[in-house]
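Per-entry structural report
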Amino acid sequence: MSTTPTTTNDAETLIFVYGTLKRSFPNHHLLETFLATDDAKFLGVYKTVDPYPMVRGPLGVPFLINLPGSGLRVKGELYSVSGRALARLDELEGIGRGHYERLPAVVTAEDGGGEVSEVEAYYADRGFAEELWEKSGRNAVAEYLPSDAEKYVGVEARDVEFSLGDYIRVYLQQ
């Protein structure tokens, strides 16, 4: 079993995406921009080695919850991204606004090649993650599907007075 470091010598980060950033999903256009400039490289379809809860939250937004051993093995895509691309992804995911946290994960190629990679993924911020897991009835999903993306409400269609954090708070209070 081999491991791949989270960053490479070229200051690239291996990032596991499982929701709207995947190919053919609503926010993939951002990764496409970076793929075109060689600031990102698609590495394949991967799954988490450990099970994690992944839930659908408000606005059809998927959230991975950092409770390894709970939930299911989550299917997503692995990318190698430059520092420039990573900064933009962090901005999209609201790292500085308490929406998500970028933390380590361990994934393996879906084709069963056996190689294990230490990567990073975007997890629901710990300030609301466990409450979101409880609100979901502890019903995890293994994959964010096109039918899930149909329920996704993009930033351009949201109330400008509300942040994602506001939507999460309202959702959790219902």
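Just so it is clear, the model here is predicted, and its values are computed rather than measured. (Residues numbered from 1 in each chain as written. Predicted model: local features only at pLDDT ≥ 70, side-chain atom pairs only at ≥ 80, totals over all residues. Heavy atoms only, no water.)

Some details on the UniProt feature "active site" (unreviewed entry) in the protein chain
Taking the numbering used here, the UniProt-annotated feature "active site" (unreviewed entry) corresponds to E93. Structurally, the position occupied by E93 is in the loop between α2 (83-92) and β6 (100-109). On the basis of relative accessibility, which here comes to 11%, the residue E93 falls in the buried class. Sequence-distant contacts of E93, defined by excluding residues within four places in its chain, comprise L21, H99, Y100 and Y122. (UniProt positions renumbered as here; feature names shortened; annotations may be inferred. Helix = DSSP H or I, 4+ residues; strand = E, 2+ residues; numbered from the N terminus. Buried < 20%, exposed > 50% of the residue type's maximum accessible area, 1.4 Å probe, protein only. Contact = heavy atoms within 4.5 Å.)

Quick look at the UniProt feature "domain: Gamma-glutamylcyclotransferase AIG2-like" (unreviewed entry) in the protein chain
Summarizing the sequence annotation, UniProt attributes the feature "domain: Gamma-glutamylcyclotransferase AIG2-like" (unreviewed entry) to residues 15-126 in the numbering used throughout. A distance of 19 Å separates the end C-alpha atoms of residues 15-126, which is 17% helix and 39% strand.

Considering helix α5 (residues 164-173)
Along α5, the residues classified as buried are L164, G165, Y167, I168 and L172. When α5 is viewed along its axis, its buried side chains cluster within an angular range of 160° and face the same direction. For α5, the elements touching its buried residues are β4 (62-64), β6 and α3 (129-135). For α5, the N-terminal capping position is held by S163, with its side-chain oxygen 3.2 Å away from the main-chain nitrogen of G165. (Arc of directions from axis to C-beta. Polar contact = N/O pair within 3.5 Å; in protein donor to acceptor, adjacent residues only side chain to side chain.)

Digging into the packing of helix α1 (residues 28-36) against α2
Taken N-terminus to C-terminus, the directions of α1 and α2 make an angle of 170°; their axes are 11 Å apart at the nearest point. Considered as vectors, α1 and α2 are oriented roughly antiparallel to each other. From α1, L30, L31 and F34 reach across to α2, where they touch R84, A85, R88, L89 and L92. (Axes fitted to C-alpha atoms, helices over the stretch in contact; angles between N-to-C directions. Parallel < 35°, antiparallel > 145°, perpendicular 65-115°, else oblique.)

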